[in-house]
Amino acid sequence: MTNFSIENLKKEIEGFRREIRAEKIGRVVEIGDGIARIYGLAEVGANEMLEFDSSGSTVSGIAFNLEEDTVGAIILGDYTNIKEGDAVRPTGRVLSVRVGEELIGRVIDPLGNPLDGRGPIFMDSTGIRSLYYPAERPAPSVIARESVNTPLHTGIKSIDAMIPIGRGQRELLIGDRQIGKTSIALDAIINQGRDSRYQTPVCIYVAVGQKESKIAQIVATLKEHGAMEYTIVVSAPASSPASLWYLAPFAGCAMGEYFMDKGKDALIIYDDLTKHAWAYRELSLLLRRPPGREAYPGDIFYLHSRLLERAAKLSKEKGGGSLTALPIIETQLGDVSAYIPTNVISITDGQIYLEPELFYQGIRPAVNVGLSVSRVGSAAQTKAMKRVAGKLRLELAQFRELAAFAQFASDLDESTRKRLARGRALTEILKQGELEPMPYELQVALIFAGTQGFFDNVAVPEIAGKGRELLEYLERLHQKEILDEIKNSGELNSKLEERLKAAINDFMKVSA
């Protein structure tokens, strides 16, 4: 019996093979406020993903500061269980997010985890079968791009007519808080599903630092209008750490690039980049990076420029996809000359400025046409809209100029009175309710009626109602020969213009 045991033991010893595995492990030397300082990771790369072993669970982080002796890392998630001395392992993978068609219709956090209670997003919960895109990626080169030439209709009359947005453009929404910036973005998302003339883009709404109740309300609104069928919501609410606020826009952009690379159109809304800048400032100051103007780090401009430059219209050789960006910036007391607003204005292809004074006067959306601009311009407009919109901008500019002087003058000549009446009528026509995007063929018909003077003699309080009645009349009696032709051809030729004018004349006689 003893011999048998010894023989067995000898066999066991002979069969033993010792495996030696080298593993790079660092140790946490300092932890607090979502920031960890790590010693011993000499070969880690910038923006490399790290794994912290904390109380049996694994928490992710990013190598943010590469210093002489230590690595400064930001922790993605709950850092309260991480202690000094915990092991940290580099993953060899730069910060990346999962992308794919499965994300459409879901509410997720910046790391791709579902927040809508509908179970795992990808078939394989480990993510092995899913595709990863780096959160930070070089923007498409000049050669890979094509000039912006296809409209992205928002359904908002004043924007589609005078500040047109094209697919692949970066158009800034800027204004004070509670003035309608998010409403414009939601209108744009809802209108994409109704604009049947063009391919429906995949819409990505990135909420940075918003209240969870507001995000839930936005998701409910999108569901109600059927827009969640083509929308992804990336949520980094006010309760989440600054690291997730920082990551959210980059994660959303990577998801948008996936669809752009497949030759599709995508629209991304960053709501808002002011809070994103605050998060980056907080992380930078905690990591003891030197502060600059308004305590922001010196590379804050570079942060936003490398994010927004990734929006592009790709050339036909690259698949012809596009990523349109609508960043939102919140100003304080209308100060557009502050640091972050001026930075982002200089990066984007134009801005839509929402003015508090107009908002309080009841002009909504409160778009200041004088300070708003689209640097793509009429290249991203249909010929029909281009034809009616040129006159509109001129009429409103003259009205603004005359209105300032007219309030002091008691006696006005006939031509001045006519211009003021036309300006008031056009201002009323451009007013629009929240979540009421309008098809562009109806916009063309209504703006045409306004610029041709059909509403000049209508009392100002009655103009909005008269406009609605006109559109109902056209939809009921002239849908095929006028509205459908404008919609399908995108043009307003002289024959079609005469038919439209005759139809409006008939309506004015009937409704008089």
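Keep in mind that what you see is a predicted model, and the values were worked out from it rather than measured. (Residues numbered from 1 in each chain as written. Predicted model: local features only at pLDDT ≥ 70, side-chain atom pairs only at ≥ 80, totals over all residues. Heavy atoms only, no water.)

Teacher, can you tell me more about the overall build of the protein here?
Within the protein one finds 15 helices and 16 strands. Principal-axis analysis of the C-alpha atoms places the extent of the protein at approximately 120 × 50 × 45 Å. Within the span of the protein, comprising 512 residues, buried residues form 54% of the whole. The long-range share in the protein, meaning contacts at least 24 apart out of those at least 6 apart in sequence, stands at 74%. Element-wise, carbon and sulfur atoms account for 51% of the exposed surface of the protein, whose accessible area totals about 23900 Å². If you average the places of the 62 positive and of the 68 negative side-chain charges in the protein, the two averages end up 3 Å apart. (Helix = DSSP H or I, 4+ residues; strand = E, 2+ residues; numbered from the N terminus. Buried < 20%, exposed > 50% of the residue type's maximum accessible area, 1.4 Å probe, protein only. Contact = heavy atoms within 4.5 Å. Areas by Shrake-Rupley, 256 points an atom, 1.4 Å probe, with all protein chains shown as cover. Lys, Arg positive; Asp, Glu negative; His and termini not counted. Charge placed at Lys NZ, Arg CZ, Asp CG, Glu CD.)

I tried to follow the pairing of strand β5 (residues 70-76) on my own but got confused; where do I start?
Remember that side chains alternate between the two faces of the sheet whenever the strand is regular. Summarising burial for β5: seven of the seven residues are buried, a large majority. Here β5 shows two buried faces, one formed by Thr70, Gly72, Ile74 and Leu76 and the other by Val71, Ala73 and Ile75. As judged from the five bridges shared by strand β2 (residues 35-39) and β5, these two strands associate in the antiparallel manner. What sits directly across from Ile35, in β5, is Ile74. Relative to β5, strand β4 (residues 57-66) is paired through six bridges, and the arrangement is antiparallel. When the bridges of β5 are listed, Asn65 appears paired with Gly72. Between β4 and β5, which pair antiparallel in sequence order, lie three residues. (Pairing = 2+ DSSP bridges.)

What's the story with the sheet that holds strand β16 (residues 373-374) in this structure? I'm lost.
Either a parallel or an antiparallel arrangement is found when strands of a sheet pair, and the pairing is made through backbone hydrogen bonds. Reading across the sheet, the eight strands line up as β8-β12-β11-β13-β14-β10-β15-β16 and stay open at both edges, with mixed pairing between neighbours. The strands lining the two open edges of the sheet, one partner per strand, are β8 (107-108) and β16. Bridge count between strand β10 (residues 172-175) and strand β15 (residues 350-354): four bridges; the pairing is parallel. Paired with Leu172 across the bridge in β15 is Gln351.

When you look at the nonpolar core in this model, what are you seeing that I'm missing?
Generally speaking, nonpolar side chains in soluble globular proteins are found buried as a group. If you look at the biggest cluster of nonpolar residues, it comprises 76 residues, and the most contacted ones within it are Ile189, Leu222, Phe455 and Leu492. The element contributing the most residues to this core is helix α12 (residues 440-451), with eight residues. Contacts of Leu222, omitting those with residues within four sequence positions, involve Leu186, Ile189, Ile190, Ala227, Met228, Thr231 and Val233. If you look at the next biggest cluster of nonpolar residues, it comprises 63 residues, including Val208, Tyr246, Ala266 and Ala311. (Core = buried A, V, L, I, M, F, W, Y, C linked by side-chain atoms within 4.5 Å.)

Would you take a moment to explain the side chain of Asp265 for this structure?
Inspection of the secondary structure assignment puts Asp265 in strand β13 (residues 265-271). Assessed through its relative accessible area of 12%, Asp265 is described here as buried. Apart from residues no more than four positions distant in its own chain, Asp265 is found in contact with Arg167, Gln199, Pro201, Val202, Gly321 and Ser322.

Teacher, can you tell me more about helix α13 (residues 460-477) here?
Working note: α-helix, 3.6 residues per turn, so residues spaced by three or four point in the same direction. Taking 1.5 Å of rise per residue, the 18 residues of α13 would be expected to cover 26 Å, and the 26 Å separating its terminal C-alpha atoms lies within 8% of that figure. For α13, every residue scored as buried is listed here: Ile463, Lys466, Gly467, Leu470, Leu471, Tyr473 and Leu474. Considering only its buried residues, α13 is in contact with α11 (414-430), α12, α14 (479-489) and α15 (494-511). (Expected span 1.5 Å × (residues − 1).)

What is shown is where atoms sit, not what they do.
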